[in-house]
Amino acid sequence: MTLRRRDLLTGTAIALVGNRLAGAEVIAGKLPWTPDAGTPPTPVKPGPWEYFTAAEGSMVEALVDRIIPPDPQTPGGKDAGCAVFIDRQLAGGYGHHEGLYNLPPFHDGSIQQGPQSAKGPAETYRAALAALDRYCRSQTGNDAGKGFVQLAAERQDEILRGLESGKIKLEGVDGEKYFKQLLEDTQQGFFADPIYGGNRDMCAWKMIGFPGARYDYRDWVTRHNERYPHPPVSIAGRPAWTPGKG
Amino acid sequence: MARKLPARDVAIVGLGWTGSILANELTDAGLNVVAIERGPWRDTATHYAPNYAQDELRYRIRHELFLRPAQTTFTFRNKHGDTALPIRTWGAFMPPNGVGGGGVHWNAETWRFLPSDFVLRTHLTQRYGAPFLPADMTIQDWGVTYADLEPHYDRFEYLCGTCGTAGNLQGKIQAGGNPFEGPRSRPYPNPAQQQPFGPTLFAKAARELGYQPFPQPSGNMSQPYRNPLGVRLGPCTYCGFCEWFACANYSKASPQTTILPVLMPKRNFQLRDNSEVTRINLDPSGKRATGVTFVDTSGTEWEQPAELVILAAYTIFNVQLMLLSKVGRPYDPQSNQGVVGRNFTHQTISDCTSFFDRSKFVFNPFVSSGAIGMCIDEFNGDNFDHGPHGFVGGGYMGQVQTNGRPIETTPVPPETPKWGAEWKRAVRDNYQSTLKPGTGVHGSMYSYRDVYVDLDPTFRDRLGRPLARITMDFHDNELKQNRFLTDKFAEIFQQAGAQRVVKEYRQGPYDITKYQTTHLCGGAVMGNDPKTSALNRYLQSWDVPNLFVMGATAFPQNAGYNPTGTVGALAYWSAAAIRSQYLKNPGPLVHA
């Protein structure tokens, strides 16, 4: 068999370990040891949107706040940082199908055969948000000309239910599929470690009583039917450990 | 043109469990061994440290420890006449990658198959008569018995430090263990792990219903352990980040925590990582392997000559390499002839979610290990009379809840909206008072004429090689089995006092996006007849005697257990045959 040398050189053959390039090595006569050989995660940087435009950003904030509405005990999707989480994920590898099989041909198949789209989530969000905005603005009546962000919460919920059930069709985008993806991304952002931008102050973990990254429960295995009392810990620690950093 | 490397005695493809075992055994026999591994070198302290190993998004959701489909994937279709499409992102199973292979991210559930599993066709035919089996079911005997494998199961368990309660010691049934298991020559090397509240409650209810529950055999350490190679493991901390993750505590049996510290420093061993074997090279007769060709991440192609070639990659990659290298006759489902690609199987998993009164029950689901749990085996294999039920096969079932990680495990009653205030409230209210095992019903999948692997005519990997194509669907036998088992399973949670038990039956068609287990089996199965098996009873290729093929690739059908215990036992069994017979007289170990 002839290897396609050009493919190899264009990078498809290069293995990614975390974000570092890994070269092939010959290892003999030792257990290899390199300090810090692994790849700790990089916490997201606060600040402006990395992928979304300002308009897209406020729209996603409005969306995630309906998917996870605020209540007196726990913030909603917006204040929990779910939009920031999605923005950073779309700007990163997830946004453009990094590591996935992305070679042609692309055909739609059965549900059992799984997603077959050539488009990554970043492209899908851009198209879907624009189409949703157009849909909202094209409505008549009291809300005529209003974008999703300007609508009352009840009306926003109605639209989301329409997308979910497939009753509302978006132009050029499968709204039902997109809503599923938005739901998944929002809930992942809510529950993932706060280093990724969502779950701010571990609010989602506090809500359910998940202790996070504690890693040692030996003294709790046999304490049956007794609520675990300690507060959650993130990969980045606890605010109380680094006073002043918040 | 490939660059030619100096010849080695042995070339091993893949350095996971079986590659590590074979490399250690054959270097002990004085051979010069090279292992060629597609993925990177990885080790506990450097690559999955306890300050960031517990990252659900990175490892569970984004699959960082696994093979990336960009590197290679498979195509899938339900039926012979359908057009297969590529698996673009993993779903039904998670192919491993890198040193340690699946041994890095498994749960460490370390079972033995039942004695009757190894002589399945003979046993079922004798008990129920041949017409009881579906006409297109292609189950067969393994060519090896439980008694043959017992010493090798024992070796693998003592390597791993498996924790459990024996149920059958030299034929004597032991209280608290699995009374259905085959006889063990000695107890487990370590006592069973302690059990959290959920499994304890399940076991009590199971006893009340007349079953004999026992702790799941676990490769998560119940105490510090020093294995026969002198490698030490530490006690499991029940961190709840085990399966899909690597263990940062040296508490989960893996090649890294049991063999590699001994293997890697040996002078007669060499590892090439980030190097993917693209074919097995044969001499002009096609009856002898001359070595392997591989390509490294710089794109350089290498030829590694070797006297003995051992395939130790993940199930389906072994099959793909044989097909690409033209070793053995490819299986043709139309004529039911040929052996490579035949008898391919997966698993039949289902679950129950049990909601308890939140004012009375607090489960702390995050306190768990990968192989935690209390199980029953009354409905596995042929442990019960299938006559009245009209199906064969079965599985163990248990409260084996391995985590409370919140992206994955925030169960809510099924009628709850998927989002909004009501969803949020339901997540909050049910998290601590719901039991949701990962693989509650761990059912078998038997083999069928129309479930197989071949090479895809359209889709190729990044190197231009055809992808392996999976043709698979559930059959009525397995769906019936699953309904029966799931109903029995639900009764136990009802007995345990659940207010509500939601059954999630496995339903057809087989869906490549829904995770079951990573236990793909078969495709180049072992047996006594070269017409229906690609390998003889020692895992040696019938066609190319200096080629041995490890792993679940050799299972003629899948049993109702996790496969790694049997995979490890078969590796030791094969290594013993190579050392004691093959090296003295290289050639076929069985004459058909």
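All figures in this text were calculated on a predicted structure; none of them were measured in a lab.

(A) Molecular detail of the overall build of chain B. Counting its regular elements, chain B contains 13 helices and 25 strands. Its C-alpha atoms give chain B principal-axis dimensions of about 70 × 55 × 50 Å. Within chain B, the fraction of its 592 residues that count as buried is 71%. Considering only contacts within chain B whose residues lie at least 6 apart along the sequence, 76% involve residues at least 24 apart. Accessible surface for chain B amounts to roughly 17,600 Å². Of this, 50% is attributable to carbon and sulfur atoms.

(B) Fine view of the pattern of salt bridges. Tallied over the entire structure, the rule returns 42 salt bridges over all chains. One network of salt bridges, with partners in common, ties together Arg112(B), Glu150(B), Glu157(B), Glu181(B) and Arg184(B).

(C) Highlighting the packing of aromatic side chains. Following the criterion strictly, the structure yields 56 aromatic pairs over all chains and no others. The interplanar angle of 35° and the centroid separation of 5.1 Å between the aromatic rings of Phe74(B) and Phe317(B) together place this pair among those described as tilted. One end of the pair, Phe74(B), is in strand 4 (residues 74-77); the other, Phe317(B), is in helix 10 (residues 315-325), and 243 residues separate them in sequence. Taking relative accessible area as the criterion, Phe317(B) reaches 5% and is therefore assigned buried. Among the aromatic side chains, those forming a connected cluster through ring pairs are Trp205(A), Phe210(A), Tyr217(A), Trp220(A), Tyr228(A), Tyr59(B), Phe241(B), Phe245(B) and Phe366(B). Just above the ring of Tyr94(A) sits the side chain of Arg62(B); from NZ or CZ to the centre is 3.9 Å. The ring of Tyr158(B) carries the charged tip of Arg186(B) above its face, separated from the ring centre by 3.4 Å.

(D) Quick peek at the environment of Leu209(B). Residues and elements named next belong to chain B. Among the secondary structure elements, Leu209 is positioned in the loop between helix 7 (197-208) and strand 8 (214-215). For the pair formed by Leu209 and Gln495, sequence separation is 286 residues and the distance between their alpha carbons is 7.8 Å. Sequence-distant contacts of Leu209, that is, excluding residues within four places in its chain, are made with Glu491, Ile492 and Gln495.

(E) Spatial organisation of helix 2 (residues 54-67) of chain A. For helix 2 of chain A, with 14 residues, the first-to-last C-alpha span of 20 Å sits near the 20 Å given by 1.5 Å per residue. Extensive coverage of helix 2 of chain A is indicated by the burial of ten of its 14 residues. Along its buried surface, helix 2 of chain A packs onto helix 3 (77-80), helix 4 (82-91), helix 5 (121-137), helix 6 (153-165) and helix 7 (175-191) of chain A together with helix 11 (421-430) of chain B.

(F) Quick look at the side chain of Gln399(B). All names here are of chain B. With respect to the element layout, Gln399 can be found in strand 18 (residues 395-399). At 3.2 Å, the side chain of Gln399 and the side chain of Gln401 are in polar contact. In contact with Gln399, not counting residues within four places along its chain, are Gly198, Pro199, Phe202, Gly373, Met374, Leu435, Pro437, Phe489 and Phe493.

(G) Looking closely at the interface of chain A and chain B. The interface is formed by 97 residues belonging to chain A together with 100 residues belonging to chain B. In total, chain A and chain B occlude about 8,100 Å² of area from one another, counting both sides; carbon and sulfur atoms represent 62% of this. Across the contact surface, chain A and chain B share one salt bridge. Scanning the region where chain A abuts chain B turns up 39 residue pairs in polar contact (both at pLDDT 80 or more). Breaking the side of chain A that touches chain B down by element, the ones donating at least two residues are helix 1 (5-12), strand 3 (26-27), helix 2, helix 4, helix 6, helix 7 and helix 8 (203-208) of chain A.

(H) Representation of the nonpolar core. All names here are of chain B. Leu22, Phe93 and Ile310 are the most contacted members of the largest nonpolar core, which has 202 residues in total. Of the residues forming this core, the biggest block, ten residues, is contributed by helix 13 (residues 564-582). Ignoring anything within four residues of it in the chain, the contact list for Ile310 reads Val10, Ala11, Ile12, Val13, Leu22, Leu26, Phe548, Met550 and Ile578. Judged by nonpolar contacts, the second largest core, of 28 residues, contains Ala206, Tyr211, Cys352 and Ile376.

(I) View of the sheet that holds strand 21 (residues 452-460) of chain B. Residues and elements named next belong to chain B. Strand order in the open sheet formed by four strands is 5-4-22-21, and the pairing between neighbours is mixed. Pairing within the sheet leaves two strands with one partner each, and these edge strands are strand 5 (85-86) and strand 21. Looking at chain direction, strand 21 and strand 22 (residues 466-471) are connected through five bridges and run antiparallel. The partner of Arg460 across the bridge, within strand 22, is Pro466. Running at roughly 70° to strand 21, helix 10 makes contact with strand 4, strand 21 and strand 22 of the sheet.

(J) Broad picture of the state of the cysteines. Scanning the model with the defined rule gives zero disulfides over all chains in all. Cys82(A) takes part in no disulfide bond, and the closest cysteine sulfur, belonging to Cys203(A), lies 7.6 Å away.

(K) Layout of the packing of helix 7 of chain B against helix 12 (residues 476-495) of chain B. All names here are of chain B. Two elements in contact, helix 7 and helix 12, have axes separated by 8 Å at closest approach and are oriented at 105°. Here helix 7 is positioned roughly perpendicular relative to helix 12, judged by the angle of their axes. Only Phe489, Ile492, Phe493 and Gln495 of helix 12 make contact with helix 7, whose side of the interface consists of Phe202, Ala205, Ala206 and Glu208. Split into classes, the residues belonging to the contact of helix 7 with helix 12 amount to six nonpolar, one polar and one charged.

(L) Region of interest: the packing of helix 2 of chain A against helix 7 of chain A. All names here are of chain A. The geometry of helix 2 relative to helix 7 is characterised by a closest axis approach of 10 Å and an angle of 80° between their N-to-C directions. With respect to each other, helix 2 and helix 7 are oriented roughly perpendicular. Residues Leu63, Val64 and Ile67 of helix 2 pack against Phe179, Leu182, Leu183, Thr186 and Gln187 of helix 7. Its residues assigned to classes, the contact of helix 2 with helix 7 shows six nonpolar, two polar and no charged.

(M) Here's a closer look at the pairing of strand 3 (residues 33-36) of chain B. Residues and elements named next belong to chain B. Because side chains alternate across strand 3, one face comprises the buried residues Val33 and Ala35, and the other comprises Val34 and Ile36, equally buried. Handedness of the β-α-β unit built from strand 2 (residues 8-13), helix 1 (residues 17-28) and strand 3 comes out right-handed. Pairing geometry for strand 3 and strand 11 (residues 269-272), over four bridges, is parallel. In the sheet register, Ala35 faces strand 11, and the bridge partner there is Leu271.

Conventions we followed
- Residues numbered from 1 in each chain as written.
- Chains lettered and ligands numbered in written order.
- Predicted model: local features only at pLDDT ≥ 70, side-chain atom pairs only at ≥ 80, totals over all residues.
- Heavy atoms only, no water.
- Helix = DSSP H or I, 4+ residues; strand = E, 2+ residues; numbered from the N terminus.
- Buried < 20%, exposed > 50% of the residue type's maximum accessible area, 1.4 Å probe, protein only.
- Contact = heavy atoms within 4.5 Å.
- Areas by Shrake-Rupley, 256 points an atom, 1.4 Å probe, with all protein chains shown as cover.
- Salt bridge = Lys/Arg side-chain N within 4 Å of Asp/Glu carboxyl O.
- Phe/Tyr/Trp six-rings, centres within 6.5 Å; stacked < 30°, edge-to-face > 60°.
- Lys NZ or Arg CZ within 6 Å of the ring centre and 35° of its normal.
- Expected span 1.5 Å × (residues − 1).
- Polar contact = N/O pair within 3.5 Å; in protein donor to acceptor, adjacent residues only side chain to side chain.
- Buried area = accessible area lost by both parts, 1.4 Å probe.
- Core = buried A, V, L, I, M, F, W, Y, C linked by side-chain atoms within 4.5 Å.
- Pairing = 2+ DSSP bridges.
- Axes fitted to C-alpha atoms, helices over the stretch in contact; angles between N-to-C directions.
- Disulfide = S-S within 2.5 Å.
- Parallel < 35°, antiparallel > 145°, perpendicular 65-115°, else oblique.
- Nonpolar A, V, L, I, M, F, W, Y, C, P; charged D, E, K, R; others polar.
- Right-handed = clockwise from strand over helix to strand, strands pointing away.

Geometry only, nothing functional implied.
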